[in-house]
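Fold and contact review
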Amino acid sequence: MTERFAPPFFLLIERALRDEGTSCHYLPPARYADADPALIAAVRNRTGRLSIPVHTGQSWTTDAPFRETESLIVSRRREGIISVEMEAAALLTLGKVLGRPVACLAHVTNTMATREEDFEKGGDAGLADSLSVCAAALEAALEQEAGKTK
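Residues numbered from 1 in each chain as written. Predicted model: local features only at pLDDT ≥ 70, side-chain atom pairs only at ≥ 80, totals over all residues. Heavy atoms only, no water.

Residues Cys104, Ala106 and Val108 point to one face of strand S5 (residues 104-108) and are all buried, whereas Leu105 and His107, pointing to the other face, are not buried. Sheet analysis places strand S1 (residues 9-19) next to S5, joined by five bridges and oriented antiparallel. When the bridges of S5 are listed, Leu12 appears paired with Leu105. (Buried < 20%, exposed > 50% of the residue type's maximum accessible area, 1.4 Å probe, protein only. Helix = DSSP H or I, 4+ residues; strand = E, 2+ residues; numbered from the N terminus. Pairing = 2+ DSSP bridges.)

Take a look at the structure:
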């Protein structure tokens, strides 16, 4: 989605543009679904220790790929959107309704088929990196939760 980062990389989604219908089943329509800042900071701190590129930023949640037109992609880039995916807005709004912070990570592996090497996920299809990033995020979330119960 963006030219600031070269795929493959991971995006820790701090806010998701709500351009799908599922999130509206949990909360009234709004432009964005925001992640819990404390959880984002904890996950960012933990994943920052990895040698794997993990960036923090905004994503565009859409359940309809035909919406990803060239002009709309340009517009989303101007808004600071880094990736496009299909779930983050719904997960973030559900977490807010349940009172449970949610962290969403996107494994950004392409630039919407604009480069020849698009869809290259890295060695083992990015599996080892995905597991490392998810494990670090889970550790951060568990530490944060344990800190709340003390």
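Now that the structure has been shown, the text picks up again.
A separate point is the pattern of salt bridges. Applying the stated criterion across every chain yields a total of six salt bridges. Residues Asp19 and Arg76 are paired through a salt bridge, measuring 3.9 Å at the closest nitrogen-oxygen approach. Of this pair, Asp19 sits in strand S1 while Arg76 sits in helix H2 (residues 70-78), and the two are 57 residues apart along the sequence. Each of the two residues, Asp19 as well as Arg76, counts as buried. Two residues, Arg76 and Glu79, come together in a salt bridge whose shortest N-O distance is 3.2 Å. With a relative accessible area of 24%, Glu79 lands in the partly exposed category. Here the residues in one salt-bridge network are Asp19, Arg31, Arg76 and Glu79, joined through shared partners. (Salt bridge = Lys/Arg side-chain N within 4 Å of Asp/Glu carboxyl O.)

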